Amino acid sequence: PDFDPCSSEDENSVPKHEHVIKHLANVEIFVAGDQHDCLGWITVMELADTDLWKILEKNLVSWSERKRLLLELYDGYKYLEQIGIHHYDLKVRV
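Residues numbered from 1 in each chain as written. Predicted model: local features only at pLDDT ≥ 70, side-chain atom pairs only at ≥ 80, totals over all residues. Heavy atoms only, no water.

(A) Local environment of a nonpolar patch on the surface. Taken together, the side chains of Leu24, Val27, Ile29, Val31, Leu39, Ile42 and Val44 make up a nonpolar region of the molecular surface, amounting to roughly 580 Å² of accessible area. Mapped onto the nonpolar patch, the elements with two or more residues apiece are strand 1 (23-30) and strand 2 (38-45). Ile29 sits in the partly exposed class, given a relative accessible area of 34%. (Patch = residues over 30% accessible without salt bridge, like charges linked within 9 Å, V, L, I, M, F, W, Y side chains within 5 Å. Areas by Shrake-Rupley, 256 points an atom, 1.4 Å probe, with all protein chains shown as cover. Salt bridge = Lys/Arg side-chain N within 4 Å of Asp/Glu carboxyl O. Helix = DSSP H or I, 4+ residues; strand = E, 2+ residues; numbered from the N terminus. Buried < 20%, exposed > 50% of the residue type's maximum accessible area, 1.4 Å probe, protein only.)

Below, the structure is given as structure tokens:
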């Protein structure tokens, strides 16, 4: 694969991919007193410098650039899915 898979043996492992904004940490969520049954985790990520939607709305990029951006977004999304991270905050705008 063209990515560094996250390994449960390496607690300092943070997923990395050229089309995913920088991961700072993955925080596992447990019920108090139960360290064996992980309920899930939250991924803490770097804040983006700009909002892609605003760039697209203002027509600051060509159609070919939009296509490239879409393919890169999809590539990053599929990478996260492959390593078991699911993005539950996807927004569809028309």
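Right, picking up where we left off after that structure.
(B) Inspection of the layout of surface pockets at higher detail. The volume enclosed by the largest pocket comes to roughly 2000 Å³. In terms of lining residues, the largest pocket is bounded by 40 residues, among which Leu52, Leu73, His87, Asp89 and Leu90 are the most central. Of all the secondary-structure elements, those providing two or more residues to the lining of the largest pocket are strand 2, helix 1 (52-57) and helix 2 (63-82). Of the residues assigned to the lining of the largest pocket, the class counts are 22 nonpolar, eight polar and ten charged. (1 Å grid on protein atoms, 1.4 Å probe; cavity = no way out; pocket = protein on both sides within 12 Å on 5 of 7 lines; lining within 4 Å. Points joined across faces, edges and corners; volume = space filled by probe spheres on them. Nonpolar A, V, L, I, M, F, W, Y, C, P; charged D, E, K, R; others polar.)

(C) Here's a closer look at the packing of aromatic side chains. Scanning the entire structure with this criterion turns up zero aromatic pairs. When the ring centre of Trp63 is taken as origin, the NZ or CZ atom of Arg66, which lies over that ring, is 4.9 Å away. (Phe/Tyr/Trp six-rings, centres within 6.5 Å; stacked < 30°, edge-to-face > 60°. Lys NZ or Arg CZ within 6 Å of the ring centre and 35° of its normal.)

(D) Focus on unusual backbone geometry. Positioned with a positive phi, Asn59 is a non-glycine residue whose angle comes to about 55°. The topology assignment puts Asn59 in the loop between helix 1 and helix 2. Using a relative accessible area of 57% as the deciding quantity, one classes Asn59 as exposed.

(E) Main features of the side chain of Arg66. With respect to the helices and strands, Arg66 occurs in helix 2. Of the side chains with opposite charge, Glu57 lies nearest to the buried Arg66, which makes no salt bridge, at 9.6 Å. A polar side-chain atom of Arg66 sits 2.6 Å from the main-chain carbonyl oxygen of Leu56. Setting aside its immediate chain neighbours within four residues, Arg66 contacts Leu56, Asn59 and Val61. (Lys, Arg positive; Asp, Glu negative; His and termini not counted. Polar contact = N/O pair within 3.5 Å; in protein donor to acceptor, adjacent residues only side chain to side chain. Contact = heavy atoms within 4.5 Å.)

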